[in-house]
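Residue-level listing of the chains:
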Amino acid sequence: MNKRIIVTGGAGFIGSNLVDRLLSEGNEATVLDNLSAGRMEFLEHHTENPDFKFIKVDLLEPEKLKKAVKGADLIFHLAANPDVRLGAENTGIYLQQNIIATYNVLEAMRVNGLSNIAFTSTSTVYGEASLIPTPENYGPLIPISLYGASKLSCEALITSYCHTFDMKSWIFRFANIVGPRGTHGIIVDFINKLRNNPDSLEVLGDGKQRKSYLHVSDCVDAILFAMEKSSDMANIFNIGSEDTISATGIGEIIVEEMGLENVEFKYTGGSRGWRGDVPVMMLSIDKIGQLGWKPSYDSEKSVRDAARSLLGK
Ligand code: NAD
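Since the structure is predicted, the reported quantities are computational estimates derived from the model, not experimental observations.

1. Focus on the overall build of the chain
For the chain, the helix and strand inventory stands at 9 helices and 14 strands. Taking 313 residues into account, the globule formula puts the C-alpha radius of gyration at 20 Å, and the chain, at 19 Å, falls close to it. Its C-alpha atoms give the chain principal-axis dimensions of about 60 × 45 × 40 Å. Taking all 313 residues of the chain together, 52% fall into the buried category. Working note: accessible area of the chain is about 13900 Å², and carbon and sulfur atoms make up 48% of it.

So this is what it looks like as structure tokens:
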């Protein structure tokens, strides 16, 4: 590639894995992150690399942001609040961290004449889809979580900026992404719960929720692959694995990988883990598949590998 690339949220889980790959391919990568959830330790192996730069900035500081993005060929916009469960407790958080932050990124691009943005969206924009696996052209999109609503709003802002100001966008709707440096989500939750109490595991819902999980190495691979093969004004791709695993199945893998026995699974009940959760999620990946990409991990292998790396195995 060899481009000047900005990665917002580059100190986070997916962002830091993406930065590793961008630098290894000879690009210059500048991370913009406020370190609210990201960690400098995820990037410290790059600090001596002249192609790497870190700028501590909050995307809610528009003037600082406008200065920081100057001259970039491409912006990967990952910074967001990614915790899908917060909506019922805090109705404003995604409005600020996702929608306003994305608007600020787009404005910073517009005033600097920048043209290319890649955005990390989510399966939750589909809401409770009646078609599974769910393809990119499924509709109408009726999100049922405030997180999903915010990401769909970001998508709409991005595509309309692209049309209005001659920009180009790649929008990736992720399934659940897991792997090294994961700091949130079901695997991290289960490991923490079992470290606190190795005799019992609380599972949200009835444990039968089935979802698709993808390893972060496959995710980064798919992003870069799709960007190389597509050049429309708005290029939208689902990224996930081709199967699902249940919450109970994930619990069993974590218990096994932690070497525990006789753990009692306790279910909070109901078919959803939380308000806004869906009992089944699996994305169709035919669109990126037709371009020639295939995941190398299935859901179970993604979860197992993620658990091992988070346990330091
Ligand atoms: P993460 O929390 O590890 O990374 C987000 C990063 O953004 C963090 O480093 C955080 O410090 C930074 N950040 C947050 N608000 C900021 C702000 N206002 N200004 C500057 N930096 C800010 O999350 P992740 O799992 O790596 O997710 C990355 C992206 O992928 C997010 O947009 C998320 O919504 C999306 N996504 C993730 C998953 C998943 O399974 N992990 C699934 C679907 C979509």
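2. Some remarks on the domain arrangement of the chain
Along its sequence, the chain is organised into domain 1 (4-177 + 215-239) and domain 2 (180-212 + 243-279 + 296-310). The distance between the C-alpha centroids of domain 1 and domain 2 comes to 26 Å. Domain 1 puts 20 residues into the contact, and the matching count from domain 2 is 19 residues. A buried area of about 1700 Å², summed over both sides, lies between domain 1 and domain 2, and 53% of it is on carbon and sulfur atoms.

Rules and cut-offs
Residues numbered from 1 in each chain as written. Predicted model: local features only at pLDDT ≥ 70, side-chain atom pairs only at ≥ 80, totals over all residues. Heavy atoms only, no water. Helix = DSSP H or I, 4+ residues; strand = E, 2+ residues; numbered from the N terminus. Rg over C-alpha atoms; globule rule 2.2 N^0.38 Å. Buried < 20%, exposed > 50% of the residue type's maximum accessible area, 1.4 Å probe, protein only. Areas by Shrake-Rupley, 256 points an atom, 1.4 Å probe, with all protein chains shown as cover. Domains from an automatic or database assignment. Contact = heavy atoms within 4.5 Å. Buried area = accessible area lost by both parts, 1.4 Å probe.

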